[in-house]
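Chain by chain, the residues run as shown.
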Amino acid sequence: ASLLTNWVGRTQGVALSARMTQVGGAMGIGQGALAGDRQNLHAVLKVLGPTIYGNLFALGCRIGWPSLPFLFAAAMSLTAEGVILLTPGPVWSGTPSECVERNAE
């Protein structure tokens, strides 16, 4: 079951990254700037992630629920899936310039 959810999450990440690159290019944001922003976010998450999950594990052990970090990860995954599934279709369709025009209005 986790393999299926991992695959779905990774494929959505690729689609989101591709769309972000398309729309960012149409807005005049360079590929280097987009790549830099993604890597900066990745670096921040590499610092915050272990801290958050370590604290959740410590809290879970104190309250007798050491699986708390896994439950938190599942809740975050479901939240991300919900955001993607509830995003209006026009965000994912049309040319990048049409998306930029819609957002400018």
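Residues numbered from 1 in each chain as written. Predicted model: local features only at pLDDT ≥ 70, side-chain atom pairs only at ≥ 80, totals over all residues. Heavy atoms only, no water.

Colleague: Got a minute to help me understand the overall build of the protein in this structure?
Modeller: What the protein contains, in helices and strands, is 5 helices and 0 strands. Ordering the α and β elements of the protein from the N terminus gives α-α-α-α-α. Out of the 105 residues in the protein, the part that is buried amounts to 10%. In the protein, 46% of the contacts between residues at least 6 apart in sequence involve partners at least 24 apart. As presented, the protein carries roughly 7700 Å² of accessible surface, and 71% of it is formed by carbon and sulfur atoms. (Helix = DSSP H or I, 4+ residues; strand = E, 2+ residues; numbered from the N terminus. Buried < 20%, exposed > 50% of the residue type's maximum accessible area, 1.4 Å probe, protein only. Contact = heavy atoms within 4.5 Å. Areas by Shrake-Rupley, 256 points an atom, 1.4 Å probe, with all protein chains shown as cover.)

Colleague: Help me understand the packing of helix 2 (residues 31-62) against helix 3 (residues 68-86) in this model?
Modeller: Helix packing geometry: the angle between the two helix axes and the distance between the axes. Look at helix 2 against helix 3: their axes get within 7 Å of each other, and the N-to-C directions meet at 130 degrees. In this view, helix 2 runs oblique relative to helix 3, as classed from their interaxial angle. Between helix 2, through Ile52, Tyr53, Leu56, Phe57, Leu59 and Gly60, and helix 3, the contact on the second element is made entirely by Leu68, Pro69, Phe72 and Ala73. (Axes fitted to C-alpha atoms, helices over the stretch in contact; angles between N-to-C directions. Parallel < 35°, antiparallel > 145°, perpendicular 65-115°, else oblique.)

Colleague: Is there a simple way to think about the packing of aromatic side chains in this case?
Modeller: For any pair of aromatic rings, geometry is given as the distance between the ring centres together with the angle between the planes. Summed over all chains, the structure comprises 1 aromatic pair. Seen from their ring centres, tyrosine 53 and phenylalanine 72 are 5.7 Å apart, and the 70 degrees between their planes marks the pair as edge-to-face. Highlighted residues: tyrosine 53 in helix 2 and phenylalanine 72 in helix 3, separated in sequence by 19 residues. Overall, the relative accessible area of 30% leaves phenylalanine 72 in the partly exposed class. (Phe/Tyr/Trp six-rings, centres within 6.5 Å; stacked < 30°, edge-to-face > 60°.)

Colleague: For this particular structure, what's the right way to read helix 2?
Modeller: Think of an α-helix as turning once every 3.6 residues; residues three or four places apart then point the same way. Here helix 2 spans 46 Å end to end across 32 residues, near enough to the 46 Å set by a 1.5 Å rise per residue. Along helix 2, the largest kink reaches about 25 degrees and is centred on leucine 48; proline proline 50 follows within four residues of it. Every buried residue of helix 2 is accounted for by Leu34, Gly49, Leu56 and Gly60. (Expected span 1.5 Å × (residues − 1). Bend = angle between axes of the 7 residues up to and from the residue.)

Note that every value here comes from positions in space, so none of it alone points to a role or purpose.
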